[in-house]
Amino acid sequence: MIKLDYNFMMDTAVGKHGLKAKEFAKDEKRITTAFEMVNRNRGKGWQEWTELPLVSVSELNGIYNEMQFVRENAESFVVLGIGGSALGPLSIFNALLHFRHNDLPKKKRNAPKYFVEDNIDPERMKALLDVVDLRTTYFNVITKSGETSETLAQFLILYKLLKQELGPNEAKKHIIVTTTIGKGTLYKIAQKEGFLTFPIGEGVGGRFSVFSSVGLVPCAAMGIDVVELINGAKAMTDRSLQPNINTNPALMSAYLQVKAFEDGKNISVMMPYADSLKFMADFYGQLWGESLAKLVDLDGKATVVGQTPAKALGVTDQHSQIQLYTEGPFDKVITFIEVEKFRDSVIMPHDDGVDACCFLKGKTLNQLLSYEMQATRFALYKAGRPNFTITLDKVNAFSVGELLAYFMYQTAFAGALLNIDTYNQPGVEEGKKATFAYLGRKGYEDKLAEMQAVKTSKEFMM
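What you see is a predicted model; the values in this text were computed from it and never measured.

Trainee: An account of the environment of Tyr-64 is needed here, citing residue identities and associated values.
Mentor: Along the polypeptide, Tyr-64 turns up in helix H4 (residues 57-66). For the pair Tyr-64 and Leu-216, spaced 152 residues apart in sequence, the C-alpha separation works out to 8.2 Å.

Here it is in structure tokens:
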């Protein structure tokens, strides 16, 4: 089970920039209200994601079995998506597959090579086509709305190439669609072409969709244990149903982050000390940034809230960012993710031919990594900088499911504490509408006229 150590968030450790213990009692009603708001709305509206871990084992096995044809026939498996449609699968793949998965010979991989294409840089598309054989590549096209410009653009390019390479009938077998059933451009195309299609629930937003078909289908295609992934999510769900903040890690960390934000700590740094968890910082960043940055609260009052998420990797970024965290502005909270038992251990040998580095000889890289994290925590503590630590016993399907669910519940509780709509994203939607207008999509003529009316001056151009 995930453990949460928040000693260094308290004033008893970091002084005036920490939280006073009496604040818990003072904010008891606020905490209770936030907890009740999230759990009262479970499964309703945009909180349909809270019910996803309740999926049956038989349904999970059904998805896994449906993806058997990919595991058996694919040399490469490609996810086409952006935002939550990509970050969920990517964070799981990076955590649970061999760190050099795509470089392994096929007999050692026991699964296809994987690619998560979450951008539309033309050089990136060309690079993908240089390394995959379309005849043995399967594509999972994922978009909640079915209208995501970037994903549809990727699909159009690749489907045409598949038809040219394989013929129309065979090409259809290489496309797997995940989208909302009954609406959107992609769903209509999938119905017309006969693609294998998996649903996303109406009340499951993209960034909260990892335990839906968005995450389960790619995981099944790659041979990841989806049952254990969901078991981990269920375990965190059970803890998030606990009304006592002292037994609910997601509620506790949400409260600590919100209080820190209200005290001027408007940057939230996520720093895993494990390469396998590197992309968990990206997953967290989307959840935290899109969900909590709002100009209006639930009462319709103007507000400006939202911590800026930042990502770092231990120990790499000790050599690029820790100076800022220890001696820069008091505007950050740092969250460490620690792994107690790595899946491998590497020892630094006693080499009599090297008459130096005696302090390293005989120790493991595992020890060195752990000491580095503890040392960084100490340096922040000594500098009076708030930080807390999430500890995983080991990285496996269960703990990854647990961690992902923790991030989602933490975000939901934080939104409730801030009294904002955690699930809308008006700032994102404005950019989507503007893109449609530039592309000349029907129905966006007024938006194009609005943008063309914006005046710029050469005086401020170089």
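There is more to say, and it comes next.
Trainee: Help me get a handle on the pairing of strand S9 (residues 302-305), residues and values and all.
Mentor: Pairing between strand S8 (residues 294-296) and S9: 2 bridges, direction antiparallel. Looking across to S9, one finds that Lys-294 is bridged to Val-305. Connecting the antiparallel pair S8 and S9 is a turn made up of 5 residues, with Gly-300 showing a positive phi of about 80°.

Trainee: Explain a nonpolar patch on the surface to me, using residue names and the numbers behind them.
Mentor: Taken together, the side chains of Leu-295, Val-296 and Val-304 make up a nonpolar region of the molecular surface, amounting to roughly 320 Å² of accessible area. Mapped onto the elements, Val-304 comes out in strand S9.

Trainee: Explain the nonpolar core residue by residue, including any values.
Mentor: For soluble globular proteins, the rule of thumb is that nonpolar side chains tend to be buried together. In this structure, Phe-211 and Phe-407 are the most contacted members of the largest nonpolar core, which totals 99 residues. The biggest single contributor to this core is helix H18 (residues 397-418), with 15 residues. If you look at the next biggest cluster of nonpolar residues, it comprises 20 residues, including Leu-152, Phe-155, Leu-162 and Ala-171.

Trainee: Explain the packing of helix H3 (residues 28-40) against H18 residue by residue, including any values.
Mentor: Between H3 and H18, the shortest axis-to-axis distance is 8 Å and the interhelical angle comes to 125°. On the basis of their axis angle, the class for H3 and H18 is oblique. Crossing handedness for the pair H3 and H18: right-handed. Between H3 and H18, the residues in contact are Arg-30, Ile-31, Ala-34, Phe-35, Met-37, Val-38 and Asn-39 and Ala-412, Phe-413, Ala-416 and Leu-417, respectively. Looking at side-chain class alone, the contact of H3 with H18 contains 9 nonpolar, 1 polar and 1 charged residues.

Trainee: Describe helix H14 (residues 249-262), with residues and values.
Mentor: Counted at 1.5 Å a residue, the expected span for H14 with its 14 residues is 20 Å, and the 20 Å between its end C-alpha atoms agrees. Of all 14 residues in H14, 13 are buried, a share of seventy percent or more. Gly-264, located one to two residues past H14, shows a positive phi value of around 100°.

Trainee: Any details on the sheet that holds strand S4 (residues 137-142)? Residues and values, ideally.
Mentor: Taken in spatial order, the 5 strands make up an open sheet running S3-S2-S4-S5-S6, and their pairing is parallel. Two strands lie at the open edges of the sheet, namely strand S3 (113-117) and strand S6 (196-199), each paired on one side alone. Mean inter-strand twist for the sheet, computed between neighbouring axes without regard to direction, equals 15°. Looking at chain direction, strand S2 (residues 76-80) and S3 are connected through 5 bridges and run parallel. Its bridge partner lying in S3, Val-79 is registered against Val-116.

Quick notes on the rules
- Residues numbered from 1 in each chain as written.
- Predicted model: local features only at pLDDT ≥ 70, side-chain atom pairs only at ≥ 80, totals over all residues.
- Heavy atoms only, no water.
- Helix = DSSP H or I, 4+ residues; strand = E, 2+ residues; numbered from the N terminus.
- Pairing = 2+ DSSP bridges.
- Patch = residues over 30% accessible without salt bridge, like charges linked within 9 Å, V, L, I, M, F, W, Y side chains within 5 Å.
- Areas by Shrake-Rupley, 256 points an atom, 1.4 Å probe, with all protein chains shown as cover.
- Salt bridge = Lys/Arg side-chain N within 4 Å of Asp/Glu carboxyl O.
- Core = buried A, V, L, I, M, F, W, Y, C linked by side-chain atoms within 4.5 Å.
- Buried < 20%, exposed > 50% of the residue type's maximum accessible area, 1.4 Å probe, protein only.
- Axes fitted to C-alpha atoms, helices over the stretch in contact; angles between N-to-C directions.
- Parallel < 35°, antiparallel > 145°, perpendicular 65-115°, else oblique.
- Left-handed = near helix turned anticlockwise from the far one by under 90°.
- Contact = heavy atoms within 4.5 Å.
- Nonpolar A, V, L, I, M, F, W, Y, C, P; charged D, E, K, R; others polar.
- Expected span 1.5 Å × (residues − 1).

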